[in-house]
Amino acid sequence: MITCEKLFELFDESNLLFFTGVPDSTFKGWTRFLADEHGNKLTNVIACNECEAVAIASGYHLATGKIGVVYMQNSGEGKAVNPLTSLCDPEVFSIPVMLMIGWRGEPGVKDEPQHRKMGKVMMPLLEALEVPYRILPDEPEKIAAAIKEMKDKAEKENTPVAIIVRKGVIGDYEAKVEEKESYSLTREEAIKIIAGKMDGSEVIVSTTGKASRELFEYRDMKKQAHKNDFYTLGSMGCSASIALGISLQSKRKVFIFDGDGAVLMQMGALATIGHYGQENVYHIIFDNSSYGSTGGQPTISPTVDFGRIAFACGYKSAQTVSTEPELLKALDMESKGPSILVIKVKKGSRSDLGRPTTSPVQSKEELMKFLTE
Ligand SMILES: Cc1ncc(C[n+]2csc(CCOP(=O)(O)OP(=O)(O)O)c2C)c(N)n1
């Protein structure tokens, strides 16, 4: 295991001082470290998706001739494929970048269903893309050698390279920078209030991570079935589009329980939803200004007005609330969709939060049956 401070020293020694990406819980401490303030020692650009992050690191290289490091969960490798093949590839612009990929779903290690396939294919995928890689060893001296070897290769051959990070290799780190703004509601409280107002005829498509886990537990606590819900696993940012697809075929009200990070990752979905103007789409964003499900690293949501963006995309109404009375008032207003409700919530979640106990296929089948009723 290596501490974040020591790991940074190794990157520093290789003159790797520009970082960008989307966090992963495999190295949640590392991405908290990068997001903290370190004076001018390093640059960390919080990206909205991994495709964008590869492009940002490419721009950094164009301007400086240096190599940027792009951190990501292996799910993001899929999103990065396009710029890796058409931008950075030695047969195109030949731009060196160093990918730092968290290995979720490592065969033999217990993990969630959405990580199984990528956990198996991430290395064959890198091989198919002809991206050289090293699995980060456990000992600091060997880590130093692996980083240097990959950096030298990237520099010499002007090619993307990757280092793979297994769970437990990089130590934890608690953010030192104080939160500037804190709100009164937690995401879980807001979910309970909204779900408590429903009459059981609605569909909810909830985003990947803790929002789905909280909704699932709410159903269990209320002894309600899970048939109304689609708990998105992985496919970050896709819940809104799944909901749009359902809404076009169903008369039911379709709610989206979204996260700020997830909306930012696929913000084009707002334009599609606005364009198709389905009256039965109700988009709710629990905005905790963080990637809460992977360790609470900051997102860029504080400078984004989701309501105005959605409105400009054609949503019929947009509201932003931050307290329980405001939320209750917003829920009582009769409005036709597509509508957006942004709820500013506190960071964090319960430490004893469970995970869905039904399998993805079981859960899908229950919802499909409900949709035909
Ligand atoms: C393409 C992709 N990149 C990264 C991840 C890892 N990941 C899972 S949940 C999550 C954070 C989601 O943040 P947000 O949507 O704001 O919801 P919150 O967890 O804060 O409720 C991340 C980064 C992922 N699943 N898929």
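Residues numbered from 1 in each chain as written. Predicted model: local features only at pLDDT ≥ 70, side-chain atom pairs only at ≥ 80, totals over all residues.

## A look at the overall build of the protein chain
Rules: In this text, helices come from DSSP runs of H or I with a minimum length of four residues, and strands from runs of E with a minimum of two, each type numbered from the N-terminal end. Restricting the calculation to C-alpha atoms gives the radius of gyration, and the globule rule supplies 2.2 Å times the number of residues raised to the power 0.38. Here the contact rule is simple: place C-beta atoms from the backbone, and any two residues whose C-beta atoms are within 7 Å are in contact.
Looking only at helices and strands, one finds 14 helices and 14 strands in the protein chain. Relative to a compact globule of 373 residues, whose C-alpha radius of gyration would be 21 Å, the protein chain shows 21 Å and is just as compact. Along the longest, intermediate and shortest principal axes, the C-alpha atoms of the protein chain span 60 × 40 × 40 Å. Relative to all contacts within the protein chain whose residues are 6 or more apart in sequence, the contacts with residues 24 or more apart total 77%.

## Some details on the environment of Gly-292
Turning to its location among the elements, Gly-292 is positioned in the loop between strand S11 (290–291) and strand S12 (297–298). Placed 82 residues apart in sequence, Gly-292 and Lys-210 show a C-alpha to C-alpha distance of 7.6 Å. Apart from residues no more than four positions distant in its own chain, Gly-292 is found in contact with Gly-209, Lys-210, Lys-347 and Ser-349.

## Re the packing of helix H7 (residues 187–196) against helix H8 (residues 210–221)
What counts is decided by this rule: Fitting a line to C-alpha atoms yields each axis, with helices limited to the stretch in contact; the angle taken between N-to-C directions then spans 0 to 180 degrees. Note that the term roughly parallel is reserved for angles under 35 degrees, roughly antiparallel for angles over 145, roughly perpendicular for angles of 65 to 115, and oblique for everything else. When the near helix sits turned anticlockwise from the far one by under a right angle, the crossing is termed left-handed; a clockwise turn instead gives a right-handed crossing. In the scheme used here, Gly and all other residues not listed as nonpolar or charged are polar, with Ala, Val, Leu, Ile, Met, Phe, Trp, Tyr, Cys and Pro taken as nonpolar and Asp, Glu, Lys and Arg as charged.
Axis separation between H7 and H8 bottoms out at 10 Å; the angle between their running directions is 50°. It follows from the interaxial angle that H7 and H8 lie oblique. Seen from above, H7 lies across H8 with right-handed handedness. Counted together, Arg-187, Glu-188, Ile-191, Lys-192 and Ala-195 of H7 and Ala-211, Glu-214, Leu-215 and Tyr-218 of H8 form the full contact between these two elements. Of the residues belonging to the contact of H7 with H8, the class tally is 5 nonpolar, no polar and 4 charged.

## Examining the site of the ligand
Our working rule: By definition, a residue lies near a molecule or strand provided its backbone-derived C-beta atom is within 6 Å of it. By convention here, the domain bounds are inherited from an automatic or database domain assignment.
The ligand sits among 27 residues. The nearest are Gly-259, Gly-261, Ala-262, Gly-292 and Ser-293. Looking at the shell around the ligand, the elements that each hand over two or more residues are helix H4 (75–88), H8, helix H10 (260–265) and S11. Looking at side-chain class alone, the shell around the ligand contains 7 nonpolar, 15 polar and 5 charged residues. A domain split of the shell around the ligand shows at least three residues from each of domain 1 (4–165) and domain 2 (187–372).

## Side note on the nonpolar core
The criterion, for reference: Think of a nonpolar core as buried Ala, Val, Leu, Ile, Met, Phe, Trp, Tyr and Cys residues, each tied to the set through C-beta atoms within 7 Å. With C-beta atoms placed from the backbone, a residue counts as buried when 20 or more other C-beta atoms lie within 10 Å of its own, as exposed when 12 or fewer do, and as partly exposed for counts between those limits.
Within the largest apolar cluster, 101 residues are counted, with the highest numbers of intra-cluster contacts made by Val-54, Val-70, Met-98, Ile-163, Val-165, Ile-284 and Ile-343. Sorting elements by how many residues they give to this core places helix H3 (residues 50–64) first, with 7 residues. In this structure, this core is formed jointly by two domains, domain 1 (4–165) and domain 2 (187–372), each of which donates at least three residues.

## As for the sheet that holds strand S5 (residues 133–135)
Stated formally: When DSSP locates at least two bridges between a pair of strands, those strands are taken to pair.
Ordered by their spatial adjacency, 6 strands build an open sheet running S2-S1-S3-S4-S6-S5, and the pairing between neighbours is parallel. Every other strand in the sheet has two partners, leaving strand S2 (43–46) and S5 as the edge strands with one partner each. On average, each strand axis in the sheet is tilted by 20° relative to the strand beside it, whichever way the strands run. For strand S4 (residues 97–102) and strand S6 (residues 161–165), the ladder comprises 5 bridges, and the chain directions are parallel.

## Topic: the sheet that holds strand S10 (residues 281–287)
Strand order in this open sheet of 6 strands is S8-S7-S9-S10-S14-S13, and the pairing throughout is parallel. If you trace the sheet from one side to the other, it starts and ends with strand S8 (229–231) and strand S13 (317–321), each paired once. Adjacent strand axes in the sheet meet at a mean angle of 15° when their direction is disregarded. Sheet analysis places strand S7 (residues 203–206) next to S8, joined by 3 bridges and oriented parallel. Bridge assignment links Ser-206 to a residue of S8, and that residue is Tyr-231.

## Examining the domain arrangement of the protein chain
In many analyses, interface size is given as the accessible surface area lost on bringing the parts together. Splitting the protein chain by domain gives domain 1 (4–165) and domain 2 (187–372). Taken over C-alpha atoms, the centre of domain 1 sits 30 Å from the centre of domain 2. Each partner contributes to the interface: domain 1 provides 14 residues, whereas domain 2 provides 12 residues. Looking at the side of domain 1 that touches domain 2, the elements that each hand over two or more residues are helix H2 (28–35) and helix H5 (113–128). Here the element with the most residues in the side of domain 1 that touches domain 2 is H2; it accounts for 4 residues.

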